[in-house]
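The chain contents come next:
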Amino acid sequence: MAEAWLEFRNDPPFTQFPAFTRYKPDDKQRMHRARLLTDWVLNTLAEKNIRLAIVAREGSRGTQKVDETGMGHATMAVYDPRFGTWIGHHQLSDRSQKEPLGHIWRSTLLEFFFDQKSERTEALILIPEPAIRDRMYQAILSEEYKALYPTRDYNLISRYDTVDTLHCNQWLLLQLTAARIDNYDLEAVLSEIRKTFRPAEIPVNPLIWWLYLRWQDNIRPWELPDDRIVRTVTVESLYKSDFFEERLFYSDQEAD
């Protein structure tokens, strides 16, 4: 586990985060969207005096078809007094390798939103219940949360109740569950997830599977269940769970 954590990326001040290394002069609209969403998140959490929340951004068109929230990727947003700023902690896949590997990144929220693929200006804040968010916050400061990064093997369709592979929303589920039971032992966390969490169940059309999913470089095709129903962690499944006391949605289309 300690060896895996050596892949933890990007200490503050986040100058090497991949989103900004791809910045181009014609990305003004993209930056405007990122600033607008960042301001909404920070102002909302400041008004509520919240120091930790799950923040989600828009997913791809494919994600929007299978997730009612429209969100595809989420981060654990934390106000860290050691750096005097908000830091997002999230997992991303590294597609440059022969097989997809995951890294845990720390980034500013501006970078988090700048990196989204969708051009829609929408976001979601999930505020955990007080006891859960307090434990998550303390786990960040003590770095106890690092115990829940058991593998670098990434898979977009990884099972919700095992850690043979891992993806971003599943990593957040591990953190939320550990905080709820106040136990960062991996087996105890997985046992609680199997008993209490209801995953997303996404049926996969065989034709789509053979023509598309098998060739995605962030999917390990051999993990698809025999019944071709992907049982995994999505933003929607987190949204519908009982971890949160508030669920806040922003869209620039709400006024239309």
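Check the entry above for the structure.
Our subject in this report is the structure included herewith. Just so it is clear, the model here is predicted, and its values are computed rather than measured. (Residues numbered from 1 in each chain as written. Predicted model: local features only at pLDDT ≥ 70, side-chain atom pairs only at ≥ 80, totals over all residues. Heavy atoms only, no water.)

Empty space among the atoms can be located by rolling a probe the size of a water molecule over them. Taken as a whole, the second largest pocket spans an internal volume of roughly 290 Å³. Considering the residues around the second largest pocket, the lining is formed by 17 residues, among which Arg198, Pro199, Ala200, Ser237 and Lys240 are closest to the centre. A total of 3 residues in the lining of the second largest pocket trace back to one element, the largest contributor, which is strand β6 (residues 200–203). When grouped by side-chain class, the residues that make up the lining of the second largest pocket number 6 nonpolar, 4 polar and 7 charged. (1 Å grid on protein atoms, 1.4 Å probe; cavity = no way out; pocket = protein on both sides within 12 Å on 5 of 7 lines; lining within 4 Å. Points joined across faces, edges and corners; volume = space filled by probe spheres on them. Helix = DSSP H or I, 4+ residues; strand = E, 2+ residues; numbered from the N terminus. Nonpolar A, V, L, I, M, F, W, Y, C, P; charged D, E, K, R; others polar.)

Below, the discussion takes up the packing of helix α6 (residues 130–142) against helix α7 (residues 168–181). At a minimum axis distance of 8 Å, the contact between α6 and α7 shows a crossing angle of 110 degrees. With respect to each other, α6 and α7 are oriented roughly perpendicular. Seen from α6, the contacting residues are Ile132, Arg135 and Met136; seen from α7, they are Gln175, Leu176, Ala179 and Arg180. For the contact of α6 with α7, the per-class residue count stands at 4 nonpolar, 1 polar and 2 charged. (Axes fitted to C-alpha atoms, helices over the stretch in contact; angles between N-to-C directions. Parallel < 35°, antiparallel > 145°, perpendicular 65-115°, else oblique. Contact = heavy atoms within 4.5 Å.)

This part is about helix α3 (residues 28–47). The end-to-end C-alpha separation of α3 is 28 Å, in line with the 28 Å expected for 20 residues at 1.5 Å each. The set of residues buried in α3 consists of Arg30, Met31, Arg33, Ala34, Leu37, Thr38, Trp40, Val41, Thr44 and Leu45. Within two residues after α3, Asn49 carries a phi angle of roughly 55 degrees, on the positive side. (Expected span 1.5 Å × (residues − 1). Buried < 20%, exposed > 50% of the residue type's maximum accessible area, 1.4 Å probe, protein only.)

Of all 10 residues that make up strand β3 (residues 85–94), 8 are buried, and the element is covered over most of its length. Both strand β2 (residues 71–80) and β3 contribute to a ladder of 5 bridges, which runs antiparallel. Bridging across to β3, Met76 finds its partner in His89. Two successive antiparallel strands, β2 and β3, enclose a turn made up of 4 residues, where Gly84 displays a positive phi of approximately 65 degrees. Pairing between β3 and strand β4 (residues 101–107): 7 bridges, direction antiparallel. Directly across from Asp94, in β4, lies its bridge partner Leu101. (Pairing = 2+ DSSP bridges.)

Core analysis: the biggest nonpolar cluster contains 39 residues, and Ile54, Met76, Met136, Trp171, Leu174, Phe197 and Leu238 have the highest contact counts within it. For this core, the secondary-structure elements that each account for two or more residues are β1 (52–58), β2, β5 (122–128), α6, α7, α8 (186–196) and α10 (235–239). The biggest single contributor to this core is α7, with 7 residues. Excluding residues that lie within four positions of it along the chain, Leu238 makes contacts with Leu126, Asn169, Leu173, Leu176, Phe197, Val233 and Phe244. Judged by nonpolar contacts, the second largest core, of 21 residues, contains Leu37, Trp86, Phe112 and Ala123. (Core = buried A, V, L, I, M, F, W, Y, C linked by side-chain atoms within 4.5 Å.)

This part takes up the packing of aromatic side chains. The relative placement of two aromatic rings is captured by the distance of their centres and the angle of their planes. The tally for this structure, following the rule as stated, stands at 6 aromatic pairs. Centroid distance Phe243 to Phe244: 6.1 Å. Interplanar angle 65 degrees. Geometry classified as edge-to-face. Overall, Phe243 belongs to the buried group, its relative accessible area being 1%. We classify Phe244 as buried; its relative accessible area is 5%. Taking the ring centre of Tyr239 as reference, the NZ or CZ of Arg247 above it sits at 5.7 Å. (Phe/Tyr/Trp six-rings, centres within 6.5 Å; stacked < 30°, edge-to-face > 60°. Lys NZ or Arg CZ within 6 Å of the ring centre and 35° of its normal.)

Where α7 meets α8, the axes come as close as 9 Å, and the angle between the chain directions of the two elements is 95 degrees. Taken together, the axis directions place α7 and α8 in an arrangement best described as roughly perpendicular. Here Leu173, Leu174, Thr177, Ala178, Arg180 and Ile181 of α7 come into contact with α8, specifically with Leu186, Ala188, Val189, Leu190, Glu192, Ile193 and Thr196. In the contact of α7 with α8, the residues fall into 9 nonpolar, 2 polar and 2 charged.

Right, let's get into the environment of Arg82. Relative to the elements of secondary structure, Arg82 occurs in the loop between β2 and β3. For Arg82, a relative accessible area of 43% puts it in the partly exposed group. In sequence terms Arg82 and Leu141 are 59 residues apart; their C-alpha atoms lie 8.7 Å from each other. When residues no more than four places from it in sequence are discounted, the contact partners of Arg82 are Ile140, Leu141 and Glu143. Of the polar contacts made by the side chain of Arg82, one reaches the side chain of Asp80; its length is 2.6 Å. In terms of polar contacts, Arg82 uses its side chain to reach the backbone carbonyl oxygen of Leu141, at 3.4 Å. (Polar contact = N/O pair within 3.5 Å; in protein donor to acceptor, adjacent residues only side chain to side chain.)

Such coordinate-based values are descriptive only and should not be taken to indicate function.
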